[in-house]
Amino acid sequence: MNEIVFEGTPEMEGERIDKCISSYMADLSRSYIQKIIKDGNVFVNEQAVRANYRVKPDDRIQFVIPASAEPDIPAQDIPLDIIYEDTDLLIINKPKNMVVHPAPGHYEGTLVNAIMYHCKGELSGINGVMRPGIVHRIDKDTTGSIIVCKNDEAHKAIAEQLRTHDITRKYRAIVYGNMKCEQGTVDAPIGRHHNDRKKMAINEKNGKRAVTHYRVLEHFGQYTYIECQLETGRTHQIRVHMASIGYPLLGDTVYTSRKAPFHLEGQVLHAMTIGFVHPRSGDYVEFEAPLPAYFERLLQMLRLQSD
């Protein structure tokens, strides 16, 4: 069992208990939290509560995450590009076309299958049997650095830094268009698209605050090479934000209808730099995932075309 305790705050007043726990443990899904509540594992001031309980300031919120059962997910000997590894965590450079964690109908070939084989059972269990070791994720077609936690203590420490936006996350991307501003910030809330539940969108009414800082690295006429630094980490944040200001990501087939004149597999987006306070040493550490070969080739091609 893993017990977590925190205090209600004025900002939480009137919020449903499941939403407050979701905010506190950012990578636990709402459905998983609701299951914990239904199973009688969430207490406020030592009294079990239902999911519709409204939090008051100074409430003592306690919830218990049951010990993980053995995942019914196969460990697979899939090669991993490991940037760093110690007894607490790994930093992995995820390739294109790899899904981070299993989902119904997709139980093999994921990052989780690969790390289960590599770590031989030494993975955090906080996110349940479907996502052992996973504290955050990146999209299937996005490449780059991702943290995997080997134990619950490391997981809680990294999750807290994600919640408080203290993790450095810098991405490289190529966007359509010649950006006029050399740098800027998009501060616009992101939530589910009102018509298409598989998409995200700028959602002033129901979205969560999302902030992306960007700067231009190179101009290529019709395209621009940029760096994006996340202040928050919403689903599809960079893709939605850049499309919202008229510069969608090259190769993105969800947030733009433009056709890329290159043979691409999804958006040109790479999680290059990740930095955080190490959960054991307390030192700030930073790691960099080199650009994938396809990204380097594309840059070379654009440079030749723009000469």
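This text follows the structure it describes.
Quick summary incoming for the structure in this document. (Residues numbered from 1 in each chain as written. Predicted model: local features only at pLDDT ≥ 70, side-chain atom pairs only at ≥ 80, totals over all residues. Heavy atoms only, no water.)

### Brief notes about the pattern of salt bridges
Per the stated rule, a full pass over the model turns up 14 salt bridges. Its salt-bridge partner being Glu 227, residue Arg 172 comes within 3.6 Å of it at the nearest N-O pair. You can see Arg 172 sitting in strand β8 (residues 168-176) and its partner Glu 227 sitting in strand β13 (residues 223-230), a full 55 residues away along the chain. Look at Glu 227 and you get buried, because its relative accessible area is 10%. Put simply, Arg 137, Asp 139, Arg 239 and Asp 252 are held in one network by salt bridges that share partners. (Salt bridge = Lys/Arg side-chain N within 4 Å of Asp/Glu carboxyl O. Helix = DSSP H or I, 4+ residues; strand = E, 2+ residues; numbered from the N terminus. Buried < 20%, exposed > 50% of the residue type's maximum accessible area, 1.4 Å probe, protein only.)

### What to know about the side chain of His 101
Among the secondary structure elements, His 101 is positioned in the loop between β6 (89-94) and α3 (111-119). Judged by relative accessible area, which is 18%, His 101 ranks as buried. Non-local contacts of His 101, meaning those with residues more than four positions away in its chain, are made with Thr 110, Val 112, Met 130, Arg 131 and Arg 137. (Contact = heavy atoms within 4.5 Å.)

### Some points on the packing of aromatic side chains
Each aromatic ring pair is characterised by the separation of its centres together with the angle its planes make. With the rule as written, the count across this model stands at seven aromatic pairs. An angle of 50° between the planes, with centres 5.9 Å apart, marks the rings of Tyr 294 and Phe 295 as tilted. In terms of burial, Tyr 294 and Phe 295 fall into one category: buried. Of the aromatic side chains, those joined through ring pairs into one cluster are Tyr 84, Phe 276 and Phe 287. When the ring centre of Tyr 117 is taken as reference, the NZ or CZ atom of Lys 120 above it lies at 4.0 Å. (Phe/Tyr/Trp six-rings, centres within 6.5 Å; stacked < 30°, edge-to-face > 60°. Lys NZ or Arg CZ within 6 Å of the ring centre and 35° of its normal.)

### As for the side chain of Gln 237
Note on placement: Gln 237 falls in helix α5 (residues 237-244). One polar contact links the side chain of Gln 237 to the main-chain carbonyl oxygen of Val 211, over a distance of 2.8 Å. Engagement of the side chain of Gln 237 in a polar contact is seen with the side chain of Thr 232, the distance being 2.8 Å. The residues contacting Gln 237, other than those within four sequence positions of it, are Ile 190, Ala 210, Val 211, Thr 212, Leu 230 and Thr 232. (Polar contact = N/O pair within 3.5 Å; in protein donor to acceptor, adjacent residues only side chain to side chain.)

### Here we look at helix α4 (residues 152-163)
Taking 1.5 Å per residue as the helical rise, α4 with its twelve residues ought to reach 16 Å, and the 16 Å between its terminal C-alpha atoms agrees with that figure. Every buried residue of α4 is accounted for by Ala 154, His 155, Ile 158, Ala 159, Gln 161 and Leu 162. Relative to the axis of α4, the buried residues are bounded by an arc of 160° and lie together on one face. Just downstream of α4, His 165 is the residue with a positive phi angle, here 60°. (Expected span 1.5 Å × (residues − 1). Arc of directions from axis to C-beta.)

### Looking at the nonpolar core
Nonpolar side chains tend to gather and get buried jointly when the protein is soluble and globular. Counting 21 residues, the largest nonpolar core has Phe 6, Ile 17, Ile 21, Val 42, Val 55 and Phe 63 as its most contacted members. Secondary structure elements with two or more residues in this core: β1 (2-7), α1 (17-24), α2 (30-38), β2 (42-44) and β4 (60-65). The leading source of residues in this core is α1, at four residues. Non-local contacts of Ile 17, meaning those with residues more than four positions away in its chain, are made with Ile 37, Val 42, Val 44, Val 49, Arg 50, Ala 51, Tyr 53, Val 55 and Ile 61. Judged by nonpolar contacts, the second largest core, of 18 residues, contains Tyr 171, Val 175, Tyr 214 and Tyr 247. (Core = buried A, V, L, I, M, F, W, Y, C linked by side-chain atoms within 4.5 Å.)

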